[in-house]
There are 2 protein chains.
Amino acid sequence: MSAADDTLLVQEIAPRDGLQIEPGWIETDRKVALIDELSDCGFTRIEAGSFVSPKAIPMLRDGGEVFARIRRRPGCLYVALVPNMKGAERAIAAGVDELNLVVSASETHNGANMRMSTDSSFEAFARIAEVASGTGVRLNGTVATAFGCPFEGSITDKRVISFAERYLALGITNVTLADTTGMADPRLVSERTGHVLRLVPTTGLTLHFHNTRGLGLANVLAGFQAGARRFDASLGGLGGCPFAPGATGNICTEDLVHMCHAMGIPTGIDLDRLLTLSRSLPALLGHDVPGQVAKAGPVWDLHPAPASAKVAPGACGTA
Amino acid sequence: MSAADDTLLVQEIAPRDGLQIEPGWIETDRKVALIDELSDCGFTRIEAGSFVSPKAIPMLRDGGEVFARIRRRPGCLYVALVPNMKGAERAIAAGVDELNLVVSASETHNGANMRMSTDSSFEAFARIAEVASGTGVRLNGTVATAFGCPFEGSITDKRVISFAERYLALGITNVTLADTTGMADPRLVSERTGHVLRLVPTTGLTLHFHNTRGLGLANVLAGFQAGARRFDASLGGLGGCPFAPGATGNICTEDLVHMCHAMGIPTGIDLDRLLTLSRSLPALLGHDVPGQVAKAGPVWDLHPAPASAKVAPGACGTA
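- Per an unreviewed UniProt entry, chain A goes by the name Hydroxymethylglutaryl-CoA lyase and belongs to Azospirillum lipoferum.
- On record in UniProt, under Sequence similarities (unreviewed entry), the comment for chain A is "Belongs to the HMG-CoA lyase family."

The structure is reproduced here in structure tokens:
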């Protein structure tokens, strides 16, 4: 991460977190093409798949083949989520650049999602860290439900900080705080980001937000103001989680990049190319997607003025 | 506005800005019922209609009857948009508490929307101010396209400030900066709000945002941080403008109130009551509405933990 201090880095997660809940099968060829096209948009990180039970997530059962066939753009890390040692071994064999480990700050959520205690999760991570050591494969540690749990409610700063510390104790200095079911608000994001940035370097912290309650970009703004510089986002706003009641989608990559460019915050992403790619999603998936800039266009795309004669007087005003 | 300094005040605009582009006629009875139910949610301002040409906006042609029949909750101002002297006279006769005047900062947009120059708009406002003087009817001056014009592009600080000054020169100390077609970004909002608050008192400034490009609540956050305390919003996120290409809805009232309450910012609004009302909109209008909290529920509404046995292992993780 050699970016300037004011650059906001986006990790594109549509190929993993976006696709995993899609109902219809997407051919390996089309997944590879999507990831290659994302690579050309200028991302420095793409979460390109997961190595989980094919029974649990059938859509991502072809992770090995996807990683074997994608074009590796220099300067981009290709990441995979792994839930356990078996997944880690498969991912390392597939040539994944970084393994994304996940434990929920909420004991209840971790039980539901991973079917184990959070202590057991960290024991598994310790073994994975040993296996990954010396292979050149990097590790990222995600704290899920880091801003609230749909079952337990509030999650304390202390709990989240202790989980970050447990990752650090394993030598894992890349940490993601994930708002798994869209429970974060800007004030909580600001405070919690500040706390965690005392432990985790800015270049190692990623924030992962959902737009479940319309707060996705407001939370990014709060996190950025608090010093965070890396954010997960999903092309078109694809995604959600089958185990997170009410969750309705990750924040949308192109809407985030558009916000940044409108504000003068560099991202290194080619927004026009990204918008073209986003506009191809409905044909790929067979349904509309939540992203808004792909529909409305960026603010700098102006419209021809209407002929006044065609316009009725006093019709709109402040709208 | 006797609210504490940290209170965010919402002016509900669904009955005017929300309904005006609805394709199907809504009976006067149902408009009155909607406004009465909004009154019971605790708003201090409701934009309840407009007095424009019935040919231009057929939906709001019954403004006089609506104002005659709504219940006036003490402590709430009932506002109407008026485009010209004729509208102002009708609105005053109908017992409107405050007239909302509108001119676009963009000359091109004012020509398209009002079919007159901005100078002519201010000449009309001067005459309206004379007519309103002594009647007890208040005036609010809106600067439309205050954060950008879909035809002209950027609008300068200087232009917006000069328009605020022209309102002040007419004795109009309540001023709205309207992002008519959703072109604002948080940095611009922060800067422009700061400039205008040097002229207009905090208790007089309203910010009006659209969520066209997903930035609605991020812009509210930026405006609040810059000192603004009053914001327009529309129940369910209803609205848009037929003369604003690409515009797709006002910010959603219940999503805004939910954000505030999650952050500990008081609004004086009964969110549960508001959510119940929002959930009645699809039946009233015959279509889904954009608001998200009405679908996902507030963050403090928890869910029962799933039985672990029903959950497949390693299925989701960071989602």
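## Quick word on helix 9 (residues 216–225) of chain B
All names here are of chain B.
- Of all the ten residues making up helix 9, nine are buried; the element is thus mostly covered by neighbouring parts of the structure.
- Looking at helix 9, one finds that the buried residues are Gly 216, Leu 217, Ala 218, Asn 219, Val 220, Leu 221, Ala 222, Gly 223 and Phe 224.
- Of the residues trailing helix 9, Gly 227 is marked for its positive phi of about 115°.

## A few points about the sheet that holds strand 3 (residues 77–81) of chain A
Residues and elements named next belong to chain A.
- One closed barrel accounts for eight strands, arranged 1-2-3-4-5-6-7-8; its pairing is parallel. Neighbour to neighbour, the strand axes of the sheet diverge by 30° on average, direction disregarded.
- When strand 3 meets strand 4 (residues 98–104), the two strands line up parallel, connected through three bridges. Across the sheet, the residue bridging to Leu 81 is Asn 100, located in strand 4.
- Packed on one face of the sheet, helix 10 (residues 253–263) meets strand 1 (9–12) and strand 8 (230–233) and runs near 170° to strand 1.

## Details of the nonpolar core
- Among the nonpolar cores identified, the biggest contains 194 residues, and Leu99(A), Leu177(A), Leu256(A), Leu99(B), Leu177(B) and Leu256(B) are the most heavily contacted of them.
- Sequence-distant contacts of Leu256(A), defined by excluding residues within four places in its chain, comprise Leu8(A), Val10(A), Leu217(A), Val220(A), Phe231(A), Ala233(A) and Ile251(A).

## Comments concerning the environment of Ser280(A)
Residue and element names in this part refer to chain A.
- Residue position: Ser 280 is located in the loop between helix 11 (271–278) and helix 12 (281–285).
- Residue Ser 280 is classed as partly exposed on the basis of its relative accessible area of 34%.
- For the pair formed by Ser 280 and Glu 254, sequence separation is 26 residues and the distance between their alpha carbons is 13 Å.

## Examining the packing of aromatic side chains
All names here are of chain B.
- By the definition in use, this model includes twelve aromatic pairs over all chains.
- Here the aromatic rings of Phe 122 and Phe 163 are separated by 5.3 Å at their centres, their planes lie at 80°, and the arrangement is edge-to-face. Taken together, the residues Phe 122 in helix 6 (residues 118–132) and Phe 163 in helix 7 (residues 157–169) connect sequence positions 41 residues apart. The same class applies to Phe 122 and to Phe 163, which are both buried.
- When the ring of Phe 125 is compared with that of Tyr 167, the centres are 5.7 Å apart and the planes differ by 15°; the resulting orientation is stacked. With Phe 125 in helix 6 and Tyr 167 in helix 7, the pair connects residues that are 42 residues apart, well separated along the chain.

## Points about the environment of Thr202(B)
All names here are of chain B.
- As for its placement among the helices and strands, Thr 202 is situated in the loop between helix 8 (186–196) and strand 7 (205–208).
- In the structure, Thr 202 is positioned 34 residues away from Leu 168 in sequence and 14 Å away in space, judged by C-alpha atoms.
- The residues contacting Thr 202, other than those within four sequence positions of it, are Leu 197, Gly 227 and Arg 229.

## Observations concerning the pattern of salt bridges
- All chains considered together, the criterion is met by 28 salt bridges over all chains.
- Salt bridges here are not isolated pairs; linked through shared partners, they connect Arg16(A), Asp17(A) and Glu47(A).

## Quick look at unusual backbone geometry
- Here the phi dihedral of Arg115(A) falls at roughly 55°; this positive angle occurs in a residue that is not glycine.
- With respect to the secondary-structure elements, Arg115(A) resides in the loop between helix 5 (107–114) and helix 6 (118–132).
- For Arg115(A), a relative accessible area of 45% corresponds to the partly exposed category.
- A positive phi is found at Thr145(B), a non-glycine position, where the angle reads about 50°.
- The residue Thr145(B) is located in the loop between strand 5 (138–144) and helix 7 in this model.
- Under the relative-accessibility criterion, Thr145(B) is labelled buried at 0%.

## Here we look at the side chain of Glu254(B)
- Among the secondary structure elements, Glu254(B) is positioned in helix 10 (residues 253–263).
- Salt bridges are absent for the buried Glu254(B), whose nearest opposite-charge side chain, Arg279(B), sits at 7.9 Å.

## What about the sheet that holds strand 6 (residues 174–178) of chain B?
All names here are of chain B.
- Sheet architecture is closed into a barrel: eight strands sit in the order 1-2-3-4-5-6-7-8, paired in parallel fashion. Across the sheet, the mean angle from the axis of one strand to that of its neighbour is 30°, orientation sign disregarded.
- As defined by bridge partners, strand 2 (residues 45–50) adjoins strand 3 (residues 77–81) across five bridges and the pair is classed as parallel. Paired with Gly 49 across the bridge in strand 3 is Ala 80.

## Notes on helix 4 (residues 85–93) of chain A
Residue and element names in this part refer to chain A.
- Met 85, Gly 87, Ala 88 and Ala 91 are the residues of helix 4 that are buried. One face of helix 4 carries all of its buried residues, which in axial projection span an arc of 155°. Summarising the geometry of helix 4, the exposed residues directed more than 90 degrees from the buried face are Lys 86 and Ala 93.
- Packing partners of the buried residues in helix 4 comprise strand 4 and helix 6.
- Downstream of helix 4 by one or two residues, Gly 95 has phi in the positive range, about 85°.

## Observations regarding the pairing of strand 1 (residues 9–12) of chain B
Residue and element names in this part refer to chain B.
- Alternating positions in strand 1 separate into two faces, Leu 9 and Gln 11 on one and Val 10 and Glu 12 on the other, with burial throughout.
- Where strand 1 lies against strand 2, two bridges are found, and the strand directions are parallel. Bridging across to strand 2, Gln 11 finds its partner in Arg 45.

## Details of the packing of helix 7 of chain B against helix 8 of chain B
Residues and elements named next belong to chain B.
- One can describe the packing of helix 7 onto helix 8 by two numbers: an axis separation of 10 Å at closest approach and a directional angle of 35°. Our pair here, helix 7 against helix 8, has a crossing hand that is right-handed. Along the contact surface, helix 7 presents Asp 157, Val 160 and Ile 161, while helix 8 presents Arg 192, His 195 and Val 196.
- For the contact of helix 7 with helix 8, a count of residues per class yields three nonpolar, one polar and two charged.

## Examining the environment of Ile35(B)
Residue and element names in this part refer to chain B.
- Here Ile 35 is to be found in helix 2 (residues 28–40).
- Distance from Ile 35 to Glu 47, taken between C-alpha atoms, is 9.2 Å for residues twelve residues apart in sequence.
- When near neighbours in sequence (up to four residues on either side) are disregarded, Ile 35 contacts Pro 15, Ile 46, Ala 48, Val 66, Ile 70 and Tyr 78.

## A closer look at the pairing of strand 7 (residues 205–208) of chain A
Residues and elements named next belong to chain A.
- The two faces of strand 7 match: Leu 205 and Leu 207 on one face and Thr 206 and His 208 on the other face are all buried.
- Judged from the four bridges that link them, strand 6 (residues 174–178) and strand 7 form a sheet pairing that is parallel. Across the sheet, Val 175 pairs through a bridge with Leu 205, a residue of strand 7.
- Running through helix 8 (residues 186–196), the crossover from strand 6 to the neighbouring parallel element strand 7 is right-handed.
- Bridge count for strand 7 against strand 8 is two bridges, and the pairing is parallel.

About the criteria used
- Residues numbered from 1 in each chain as written.
- Chains lettered and ligands numbered in written order.
- Predicted model: local features only at pLDDT ≥ 70, side-chain atom pairs only at ≥ 80, totals over all residues.
- Heavy atoms only, no water.
- UniProt positions renumbered as here; feature names shortened; annotations may be inferred.
- Buried < 20%, exposed > 50% of the residue type's maximum accessible area, 1.4 Å probe, protein only.
- Helix = DSSP H or I, 4+ residues; strand = E, 2+ residues; numbered from the N terminus.
- Pairing = 2+ DSSP bridges.
- Axes fitted to C-alpha atoms, helices over the stretch in contact; angles between N-to-C directions.
- Contact = heavy atoms within 4.5 Å.
- Core = buried A, V, L, I, M, F, W, Y, C linked by side-chain atoms within 4.5 Å.
- Phe/Tyr/Trp six-rings, centres within 6.5 Å; stacked < 30°, edge-to-face > 60°.
- Salt bridge = Lys/Arg side-chain N within 4 Å of Asp/Glu carboxyl O.
- Lys, Arg positive; Asp, Glu negative; His and termini not counted.
- Arc of directions from axis to C-beta.
- Left-handed = near helix turned anticlockwise from the far one by under 90°.
- Nonpolar A, V, L, I, M, F, W, Y, C, P; charged D, E, K, R; others polar.
- Right-handed = clockwise from strand over helix to strand, strands pointing away.

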